[in-house]
Amino acid sequence: STRSSRAAALQQQLPAAPPLPEEGHEIEVRCERVAYGGLGIARTDAGATVMLSDHTVPGELVRALVTRRRRRHVEARTTAVLEPGPASVAPPWSELFASCGGCQLQRMAYAEQLATKRR
């Protein structure tokens, strides 16, 4: 049909998305914002690939290990904070931070935690 041929023509005009990083690959990204559940959202490859990473604060430059590839994004575990963000703070209970189930936002200044929860 005409509709499917138009869709096929449009698909051919779109540039191909860059490949997603492989599992086990470390990447450096800057956290843009925090999603529901406390995962940081960052973009790689000049904005083409979305990455979700634990324990990140908006503005931070982090090194993260890709743990899972999904269809349109990757999931990662933060391995190092290379540059703190403007709202980064030391977690109040450092020894429990890695294992605590309710500490996703503890590395973020309290005012920023409240603003994030309101979004």
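What you are looking at is a predicted structure, and each value in this text was computed from that prediction instead of being measured.

Caption draft 1: Structural view of the overall build of the protein. Along the backbone of the protein there are three helices and five strands. In the protein, buried positions account for 32% of the 119 residues. Taking contacts inside the protein between residues at least 6 apart in sequence as the whole, the part at least 24 apart equals 46%. With an accessible surface of roughly 7900 Å², the protein has 52% of that area assigned to carbon and sulfur atoms.

Caption draft 2: Up close: the pattern of salt bridges. Summed over all chains, the structure comprises five salt bridges. Between arginine 69 and glutamate 22 there is a salt bridge; the shortest N-O distance is 2.8 Å. You can see arginine 69 sitting in strand E4 (residues 61–69) and its partner glutamate 22 sitting in the loop between helix H1 (2–13) and strand E1 (26–34), a full 47 residues away along the chain. The exposure class assigned to arginine 69 is partly exposed, which follows from its relative accessible area of 33%. A salt bridge links glutamate 83 to arginine 30, with the nearest nitrogen and oxygen atoms 3.1 Å apart. Residue glutamate 83 is located in strand E5 (residues 73–83), and its partner arginine 30 is located in strand E1; the two are separated by 53 residues in the primary sequence.

Calculation notes
- Residues numbered from 1 in each chain as written.
- Predicted model: local features only at pLDDT ≥ 70, side-chain atom pairs only at ≥ 80, totals over all residues.
- Heavy atoms only, no water.
- Helix = DSSP H or I, 4+ residues; strand = E, 2+ residues; numbered from the N terminus.
- Buried < 20%, exposed > 50% of the residue type's maximum accessible area, 1.4 Å probe, protein only.
- Contact = heavy atoms within 4.5 Å.
- Areas by Shrake-Rupley, 256 points an atom, 1.4 Å probe, with all protein chains shown as cover.
- Salt bridge = Lys/Arg side-chain N within 4 Å of Asp/Glu carboxyl O.

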